[in-house]
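Inside the fold
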Amino acid sequence: GDFSARVAETPSKDEIGTLSRAFNRMTEQLEAQRGDLIDANRRLDERRRFSEAILSGVSAGVIALDRDKAINLFNRSAGSILSTIDQPVTPGSFISDILPGIQELLVQAEHIPGEGAQNTLTLSKNGKSITLHVRVTVEQLDTEIEGFIVTFDYITLLVSAQRNAAWADVSLLVPHEIKTPRTPSRL
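Please read all numbers here as calculations on a predicted model, not as lab measurements.

**Thoughts on the overall build of the protein chain**
- Helix and strand content of the protein chain: 6 helices and 5 strands.
- Among the 187 residues that make up the protein chain, the fraction classed as buried is 26%.
- Split by element, the accessible area of the protein chain, about 12800 Å² in all, is 57% carbon and sulfur.

**Comments concerning the sheet that holds strand β2 (residues 71-74)**
- Across the sheet, which stays open at both edges, the 5 strands sit in the order β2-β1-β5-β4-β3 with antiparallel pairing between neighbours. Edge positions in the sheet fall to β2 and β3 (117-125), since each has one partner strand and no second. Pairs of neighbouring strands in the sheet enclose a mean axial angle of 25°, with direction left out of account.
- One ladder, built from 6 bridges, connects strand β1 (residues 61-66) with strand β5 (residues 144-154); its direction is antiparallel. Bridging across to β5, Val62 finds its partner in Thr151.
- Lying over the sheet, helix α2 (residues 76-83) contacts β1, β2, β3, β4 (128-141) and β5, oriented at roughly 105° with respect to β1.
- On the sheet, helix α4 (residues 103-111) packs against β1, β3, β4 and β5 and is oriented at approximately 25° with respect to β4.

**Examining the nonpolar core**
- Leu99, Ile102 and Phe152 are the most contacted members of the largest nonpolar core, which totals 27 residues.
- Elements supplying a minimum of two residues to this core: β1, α2, α3 (95-98), α4, β3, β4 and β5.
- Residue contributions to this core peak at 5 residues, all from β4.
- Phe152 has contacts with Ala60, Gly61, Ile63, Ala78, Ile81, Leu82, Leu99, Leu132, His133 and Val134, leaving out every residue within four places of it along the chain.

**Thoughts on the pattern of salt bridges**
- A complete count under the given rule lists 8 salt bridges for this structure.
- In this structure, the salt-bridge partner of Glu46 is Arg42, at a minimum N-O distance of 2.9 Å. Taken together, the residues Glu46 and Arg42, both in helix α1 (residues 15-57) and 4 residues apart, mark about one turn of the helix.
- For Glu46, a relative accessible area of 38% gives the class partly exposed.
- A residue is classified by how much of its surface remains accessible, and Arg42, at 42% relative accessible area, is partly exposed.
- Connected via shared salt-bridge partners are Asp39, Arg42, Arg43 and Glu46.

**Quick notes on the pairing of β4**
- Here 9 bridges tie β3 to β4, and the two strands are oriented antiparallel to one another. Bridge pairing links Thr122 to Thr131 in β4.
- Relative to β5, β4 is paired through 10 bridges, and the arrangement is antiparallel. Its bridge partner being in β5, Val134 is matched across the sheet by Phe152.
- Following β4, the chain reverses through 2 residues before pairing antiparallel with β5; Asp142 in that reversal takes a positive phi of roughly 60°.

What counts and what doesn't
Residues numbered from 1 in each chain as written. Predicted model: local features only at pLDDT ≥ 70, side-chain atom pairs only at ≥ 80, totals over all residues. Heavy atoms only, no water. Helix = DSSP H or I, 4+ residues; strand = E, 2+ residues; numbered from the N terminus. Buried < 20%, exposed > 50% of the residue type's maximum accessible area, 1.4 Å probe, protein only. Areas by Shrake-Rupley, 256 points an atom, 1.4 Å probe, with all protein chains shown as cover. Pairing = 2+ DSSP bridges. Axes fitted to C-alpha atoms, helices over the stretch in contact; angles between N-to-C directions. Contact = heavy atoms within 4.5 Å. Core = buried A, V, L, I, M, F, W, Y, C linked by side-chain atoms within 4.5 Å. Salt bridge = Lys/Arg side-chain N within 4 Å of Asp/Glu carboxyl O.

What follows is the structure, given as structure tokens:
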């Protein structure tokens, strides 16, 4: 493992001189390659830690799937969001078991890999209900599908607020329409 070892080179052009030069050149190249590999591994480790820090800090749920649509990785937010309806996320389980209704999005994403697919899903379990905005993108290597990335945002409160705002508008308009004399002709 010590690639800094060198042998004394002789100026002669015989086999020993050629062998010593070749040995020194080989150990020098091995030392440089080993240094490059250690540096590349360090950079990969830094990127991995950076990616993990980003994924743990985002509020959206992120789930990585393999090509068979089984869960490889997921962030803390995905587990937290789905735990509100008592739906555990475990590596190796299939996404269709965890997010019923996602199968159509997966098929759409496969057909347009550069675009991805998105839709709103409402999940219910044990009397609890949540609404998610789900996006599916495909991970490809050349033309071969390597896996999928599923991201989802918890929008239950947003949908509820929009529904309340719509009913508030209706409740303001109905009394006004009833009081105006043109109401019978409009109805």
